[in-house]
Amino acid sequence: MDIELGPLLFLGMVALAVFLLTFGITVPVFGESRSTRKRLQERLQEIQKQSDKPPISNLLREKYLKRLNGVERTLEELPGMEWLARVIEQSGHTILAYKLVAIAVFSGLFAALFAWIFTKLLLVSAVAGLVCFLLPFLKIRMDRQKRLDQFDEQLPEAIDIIKRALQAGHPFSESLHLVADGLEGPISKEFAITFADLNYGNDLRRAMLGLLERVPSITLMAFVTSVLVQRETGGNLSEILENIGKVIRGRFRFQRKVKTLSAEGRLSAWILTLVPFALFIIIHLTEPDYLTALVEVPVGRYMIVIAGVMMTLGIFWIRRLLRIEV
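Here the structure is a predicted model, which is why all the values come from computation and not from measurement. (Residues numbered from 1 in each chain as written. Predicted model: local features only at pLDDT ≥ 70, side-chain atom pairs only at ≥ 80, totals over all residues. Heavy atoms only, no water.)

### Overview of a nonpolar patch on the surface
Right, so step 1: Where nonpolar side chains cluster on the molecular surface, the patch consists of F110, L113, F114, W116, I117, F118 and L122 and spans about 830 Å² of accessible area.
Right, so step 2: Here the element with the most residues in the nonpolar patch is helix α6 (residues 97-119); it accounts for six residues.
Right, so step 3: Inspection of the secondary structure puts L113 in helix α6. (Patch = residues over 30% accessible without salt bridge, like charges linked within 9 Å, V, L, I, M, F, W, Y side chains within 5 Å. Areas by Shrake-Rupley, 256 points an atom, 1.4 Å probe, with all protein chains shown as cover. Salt bridge = Lys/Arg side-chain N within 4 Å of Asp/Glu carboxyl O. Helix = DSSP H or I, 4+ residues; strand = E, 2+ residues; numbered from the N terminus.)

What follows is the structure, given as structure tokens:
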């Protein structure tokens, strides 16, 4: 192996490590962990089982598939496409699920072919293809998380609007319309859809569960649960919403405090991960002969692979240490 190809091999490991770092180590301000969202989905399924009607998402999915031609319908019915379509919808994008998969596949193949033409290294080509294949899904996930965070941040203000509307004598459905007209962003769109569901004849329970399914958020679940329980047991809904708003705002303050206190740890994680790469580049630019044994001897190449695997494990371990569920 020529010395010029050695850095390319290592840069392939750099790309994979940086991708995993960006994908997993960042702790969102308002986001919940994967286990929290899993509990939310389980709770949502339990609530839906109590109804004798199918979830509204199933009906919307069937109506959506009927609008597609035969080929598109077949592709959209492949395993995993329904879940991917739901994630795309939650991210605010309108692209079809099979088109996103096609873009990811072609991007990965093109990147792998391009890397193979210039490097003739199978590992570098595989890493480049994998990273470019995952980039569209990473973009969707980041946009989804950003949209959910924005919704959660606007929710206390929406609850205040609903509370004031109820105190002024407006019905609950009309208060949802006031939220859609008075606010902007994802919360306006989602509450407008919920208001339309109620106007089209759906009952409050199905409309609120549809909202929670489109926006899987712990904070929204507190709001939806309080509304549904009040409808069944009675009580002062405006007072309940006022207390819910206070709890949500307190939760946000606590999460911001947690992020502030964990900032040093996250910065240390970035430094510990990037320092080896920086040292490699510096040594390669100043004394490239020092790296000859590392990239030309088989043992040295094995050491690079082992180092990449250990760094990947370290990234996930640091991510676990910094993961704080609130």
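Moving on from the coordinates now.
### Details of the nonpolar core
Right, so step 1: Counting 33 residues, the largest nonpolar core has F172, F191, L220 and F223 as the members making the most contacts within it.
Right, so step 2: Looking at this core, the elements with two or more residues in it are α7 (122-167), α8 (172-182), α9 (186-199), α10 (204-214), α11 (218-233) and α12 (237-261).
Right, so step 3: Per element, the largest residue contribution to this core is seven residues, and it comes from α7.
Right, so step 4: Those residues within four positions of F191 in sequence are excluded, and the remaining contacts are F151, L155, I162, L176, V179, A180, L211 and F223.
Right, so step 5: Core analysis: the next-biggest nonpolar cluster, separate from the first, contains ten residues, M81, L84, A85 and I140 among them. (Core = buried A, V, L, I, M, F, W, Y, C linked by side-chain atoms within 4.5 Å. Buried < 20%, exposed > 50% of the residue type's maximum accessible area, 1.4 Å probe, protein only. Contact = heavy atoms within 4.5 Å.)

### Topic: the packing of α7 against α8
Right, so step 1: Running from N to C, α7 and α8 point in directions that differ by 135 degrees, and their axes come no closer than 9 Å. Of the possible angle classes, the one that applies to α7 and α8 is oblique. The element α7 and its partner α8 pack so that their crossing is right-handed. Facing α7, whose interface residues are A158, I161, I162, A165 and L166, α8 presents F172, S175, L176, L178 and V179. (Axes fitted to C-alpha atoms, helices over the stretch in contact; angles between N-to-C directions. Parallel < 35°, antiparallel > 145°, perpendicular 65-115°, else oblique. Left-handed = near helix turned anticlockwise from the far one by under 90°.)

### Quick look at the environment of H177
Right, so step 1: For H177, the location among the structural elements is in helix α8.
Right, so step 2: Here the alpha-carbon distance between H177 and I193, two residues 16 residues apart in the chain, equals 9.4 Å.

### A closer look at the environment of F133
Right, so step 1: Looking at the secondary structure, you find F133 in helix α7.
Right, so step 2: Every residue in contact with F133, bar those within four places of it in the chain, is listed here: A104, V105 and G108.

### Quick word on the confidence of the model for the protein chain
Right, so step 1: Averaged over all residues, the pLDDT of the protein chain is 76; the fraction at 70 or higher stands at 75%.
Right, so step 2: For the protein chain, the element scoring lowest by mean pLDDT is helix α1 (residues 5-24), at 55; α6 scores highest, at 87.
Right, so step 3: Here residues 25-31 is a poorly scored stretch, pLDDT under 50, and it has 25 contacts once near neighbours within four places are set aside; other chains count. (pLDDT = per-residue confidence, 0-100.)

### Focus: the packing of aromatic side chains
Right, so step 1: Scanning the model with the defined rule gives four aromatic pairs in all.
Right, so step 2: Arranged with centres 6.2 Å apart and planes meeting at 45 degrees, the rings of F191 and F223 form a pair that is tilted. Residue F191 is found in helix α9, and its partner F223 is found in helix α11; the two are separated by 32 residues along the sequence. For the pair F191 and F223, one class covers both residues: buried.
Right, so step 3: A network of ring pairs unites the aromatic residues F151, F191 and F223 as a single cluster. (Phe/Tyr/Trp six-rings, centres within 6.5 Å; stacked < 30°, edge-to-face > 60°.)

### Notes on the packing of α7 against α12
Right, so step 1: Put simply, α7 and α12 touch, their axes get as near as 9 Å, and they point 160 degrees apart. In terms of axis orientation, α7 runs roughly antiparallel to α12. Handedness of the α7/α12 crossing: left-handed. The residues of α12 that touch α7, namely those facing D152, E153, L155, P156, E157, I159, D160, I162, K163, L166 and Q167, are L237, S238, L241, E242, I244, G245, I248, R249, F252 and R256.
Right, so step 2: Classifying every residue of the contact of α7 with α12 gives ten nonpolar, three polar and eight charged. (Nonpolar A, V, L, I, M, F, W, Y, C, P; charged D, E, K, R; others polar.)

### Notes on the pattern of salt bridges
For side chains bearing opposite charge, pairing can occur when the charged atoms are close.
Right, so step 1: Tallying each qualifying case throughout the model produces six salt bridges.
Right, so step 2: Across the pair D197 and R214 runs a salt bridge whose closest N-O atoms are separated by 4.0 Å. Taken together, the residues span a long stretch of sequence, with D197 in helix α9 and R214 in helix α10 at a distance of 17 residues.
Right, so step 3: A salt bridge links K246 to E242, with the shortest nitrogen-to-oxygen separation between them at 3.9 Å.

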